[in-house]
Amino acid sequence: MNENFFLISMIFFIVIANMIGFVFFKKKKSLYFAAFIILLLAGAFGGMGVILALFIIHDAFAVFYGLNLAYYLLINSLIVFLLAILATIIKKYNRKK
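For the structure given in this document, a descriptive report is provided here. Per chain, residues are indexed from 1 in the order of the written sequence. Owing to the predicted nature of the model, reporting of local features is limited to residues with pLDDT of at least 70; listing and counting of side-chain atom pairs is limited to 80 or more, with chain, interface and lining totals taken over all residues. Side-chain measures were taken over the full set of non-hydrogen atoms in the model, leaving aside hydrogen atoms and water.

1. Digging into helix H3 (residues 63-96)
To be explicit about the condition: Strands are runs of DSSP state E lasting at least 2 residues, helices are runs of H or I lasting at least 4, and numbering of each runs from the N terminus. To estimate the expected span of a helix, count its residues, drop one, and scale the result by 1.5 Å. In this scheme, a residue with accessible area under 20% of its type's maximum is buried, one over 50% is exposed, and one in between is partly exposed, where area comes from a 1.4 Å probe on protein chains only.
Taking 1.5 Å per residue, 34 residues should reach 50 Å; H3 reaches 50 Å between its end C-alpha atoms and fits that length. Listing the buried residues of H3 in full gives Tyr 65, Gly 66, Leu 69, Ala 70, Leu 73, Asn 76, Ser 77, Val 80 and Ala 84.

2. Digging into the packing of aromatic side chains
Two aromatic rings, taken as a pair, are described by how far apart their centres are and by the angle between their planes. Stated precisely, the cut-off is as follows: In summary, the pairing rule links any two rings of Phe, Tyr or Trp, Trp by its six-membered ring, whose centres are within 6.5 Å, and it sorts them by plane angle into stacked for under 30 degrees, edge-to-face for over 60 and tilted for everything else.
In this structure the tally under the stated criterion is 7 aromatic pairs. When the ring of Phe 12 is compared with that of Phe 13, the centres are 6.1 Å apart and the planes differ by 55 degrees; the resulting orientation is tilted. You can call Phe 12 exposed: its relative accessible area is 51%. A relative accessible area of 9% places Phe 13 in the buried class. Taken together, a centroid distance of 6.4 Å and an interplanar angle of 35 degrees make the contact between Phe 22 and Phe 25 tilted. Of this pair, Phe 22 and Phe 25 are both found in helix H1 (residues 2-28), 3 residues apart, which corresponds to roughly one turn of the helix. Taking the relative accessible area as the measure of exposure, Phe 25 reaches 25% and is therefore partly exposed. Members of the aromatic cluster, joined through ring pairs, are Phe 12, Phe 13 and Phe 45.

In short, geometric facts, not functional conclusions.
Put into structure tokens, the structure is as follows:
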């Protein structure tokens, strides 16, 4: 039961972080800003994951769930940042032609 709950909540946090990043991307028109927002949300959602796991499991090792969630969100923000760099390179390449 707990494994499924934590897996579903991890997917939920990742989807919510990406949706918030997308909203900020639409607002500012900057992939770099969206990557930064997802990076900030990695810490916030990681902390929320720690608190959630501590309340459910009642064990000090539940902290690792939040750290794992923050790790996945950090990787997610890194992917968005690399996509932003790639988009910038493609734009500059197309302008030179």
